Amino acid sequence: MPAPDSNDHDPMQEALRRDAARISEPPFDPALHYAAMRRIRALADGGSKPSRFRPMPIFATAIAASIVAVFLATQPPHPSPKNAPREATHTAPPASLLAYQQAAAQGDDALFAQLDRDAQTLLPPSAPVFNTSLR
Amino acid sequence: MSPSPADSTDDLLARARGGDVAAFSRLMEELQPRLTGQALAFCGDHQRAQDLVQETMIAAWTSLPRFDGSCRFFTWLYVILLRQHRRALGWFARRLPLATLEQQAAARRLEPVAIIDPAGADAAESELLRAMLTALPARHREVVQLRFYAGASEAEIAAALGIPQGTVKSRLHNALTALRRMKEKMNRLRAAAH
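Note that this is a predicted model, so its numbers are computed, not measured.

Engineer: So what exactly am I meant to see when it comes to the interface of chain B and chain A here?
Structural biologist: The figure often quoted for interface size is the accessible area lost as the parts come together. With 41 residues of chain B at the interface, the matching set in chain A holds 35 residues. Looking at the side of chain B that touches chain A, the elements with two or more residues in it are helix H2 (21–43), helix H3 (46–63), helix H7 (118–135), helix H8 (138–149) and helix H10 (165–193) of chain B. Top element by residues in the side of chain B that touches chain A is H2 of chain B. It accounts for 13 residues. Here the residues of the side of chain B that touches chain A are counted per class, giving 19 nonpolar, 13 polar and nine charged.

Engineer: Looking at this structure, I do not really get the nonpolar core. What am I missing?
Structural biologist: Generally speaking, soluble globular proteins have nonpolar side chains that are buried together. Residues and elements named next belong to chain B. Membership of the largest hydrophobic core comes to 57 residues, with the highest contact counts inside it found for Ala-39, Leu-77, Tyr-78, Leu-81, Met-132, Ile-157 and Ala-160. If one sorts the elements of this core by residue count, helix H4 (residues 73–89) sits on top with eight residues. Those residues in contact with Leu-77, other than ones at most four positions away along the chain, are Leu-31, Leu-35, Thr-56 and Ala-60.

Engineer: Explain the packing of H2 of chain B against H3 of chain B to me, please; I cannot follow it from the model alone.
Structural biologist: A pair of packed helices is captured by two measures, namely the crossing angle of their axes and the spacing between those axes. All names here are of chain B. Contact geometry for H2 and H3: axes closest at 9 Å, N-to-C directions at 140 degrees. Regarding the angle of H2 to H3, the classification is oblique. Here H2 and H3 pass one another in a crossing that is right-handed. Here H2 contributes Phe-24, Met-28, Gln-32, Leu-35, Thr-36, Ala-39, Leu-40 and Cys-43 to the contact with H3, which in turn contributes His-46, Arg-48, Ala-49, Leu-52, Val-53, Thr-56, Met-57 and Trp-61. Residues belonging to the contact of H2 with H3 are distributed by class as follows: 11 nonpolar, four polar and one charged.

Engineer: Is there a simple way to think about the confidence of the model for chain B in this case?
Structural biologist: Caution applies to low-pLDDT parts of the model: their predicted coordinates are not meant to be read in detail. All names here are of chain B. On average, chain B scores 85 in pLDDT, and the residues at 70 or more come to 83%. Across chain B, element-level confidence peaks in helix H9 (residues 154–161) with a mean pLDDT of 95 and bottoms out in helix H6 (residues 111–116) with 51. Of the two predicted TM-score estimates for the complex, the pTM is 0.65 and the ipTM is 0.82.

Engineer: Would you explain the confidence of the model for chain A in this entry?
Structural biologist: Residues and elements named next belong to chain A. Per-chain confidence: chain A averages 73 in pLDDT, with 60% of residues scoring 70 or above. Mean pLDDT across the elements of chain A ranges from a minimum in helix H4 (residues 83–91), with 47, to a maximum in helix H1 (residues 11–22), with 93. Confidence drops under a pLDDT of 50 for residues 1–5, and excluding neighbours within four residues, the segment shows 11 contacts in the predicted structure. Considering only residues more than four positions removed or in separate chains, one finds that residues 86–92, a stretch of pLDDT under 50, has eight contacts.

Criteria and cut-off values
- Each chain has its residues counted from 1, running along the sequence as written.
- Working convention: letters from A go to chains and numbers from 1 go to ligands, in the order in which they are written.
- With the structure being a predicted model, the display of local features is reserved for residues of pLDDT at least 70 and the display and counting of side-chain atom pairs for 80 or more, all residues being used for whole-chain, interface and lining totals.
- Think of it this way: build a C-beta for each residue from its backbone, and any pair within 7 Å is a contact.
- Think of it this way: any DSSP run of H or I at least four residues long counts as a helix, any run of E at least two long counts as a strand, and we number them from the N terminus.
- Three residue categories are used. Nonpolar comprises Ala, Val, Leu, Ile, Met, Phe, Trp, Tyr, Cys and Pro, charged comprises Asp, Glu, Lys and Arg, and polar comprises the others, including Gly.
- Nonpolar cores are identified as sets of buried Ala, Val, Leu, Ile, Met, Phe, Trp, Tyr and Cys residues joined via C-beta atoms within 7 Å.
- In this scheme the burial state of a residue depends on its C-beta neighbours within 10 Å: 20 or more other such atoms mean buried, 12 or fewer mean exposed, and anything in between means partly exposed; the C-beta positions come from the backbone.
- Convention adopted: a line fitted to C-alpha atoms gives each axis, helices being fitted over their contacting stretch, and angles between N-to-C directions are expressed from 0 to 180 degrees.
- Geometric relationships in this document are graded by angle, where less than 35 degrees denotes roughly parallel, more than 145 denotes roughly antiparallel, 65 to 115 denotes roughly perpendicular, and other angles denote oblique.
- Note on convention: near helix rotated counterclockwise from far helix by under a right angle means a left-handed crossing. Clockwise means right-handed.
- For every residue, the pLDDT score states the predictor's confidence, bounded by 0 at the bottom and 100 at the top.

Now the structure itself:
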């Protein structure tokens, strides 16, 4: 791989150097300097000197996270769309195996009518109809 | 304000790292004009450049313990300036200046300035180069800026960015290749407009 330093006559490198040389330095701006230094002094007064490790933000974040966690843990579970159907299954009338056997004895139409009726309410997976095979 | 011999850059730096705000202030007094010139070149807006320099000074103060002297202090400051600028720029502004220039080139709006007025030609070249730099990926742009605008050596750039020198070389190579391609594209657009 060619090293950029080795080719000083590359037009692109020359153009970049020309552009860099065109950048002028404005005079020292006291207002800018003092504005920045005022903020830096405020930081320094707060923390005495520049520090690599600043524990305050970490502690603040940890405390805030703890408060949120405690708040969420103490909240009563409120109905959500996810919970709603499950509650409906508990209130649904249990399907009767006998009813299905009787419907099957009457014929397909009666059996499908029974299925359609029960399909109106969601049966729980533990409903007897799912555990016993129809004869 | 000219520093006394006792206040060499190294002394000031050592004192600043120990929490001496006055020493840091003296350091920044010396470097502020150069830093502002660079900020102005890449912002193009005086107020934004001033904001950028101010944020750079504050970030430099808070990060000062991380400066290990493996590169010049200005090079280290320049890296902070570039990263503050990148943050201020936002990702969406990356290709915009070049796209605008490409449209101008296609419409032959760049050509008359360069032909009539040599100073205008310089300005046009600067505008084009800086727009092309903006269109580079950030990691390529920063090595070009450090190498050519901050005048840092490859070893210094490697130290300032915390990357191997070979990576600096390859990023510079890729960046320069991309810049040449962009320049060729601009030339094609101009030629097609004739």
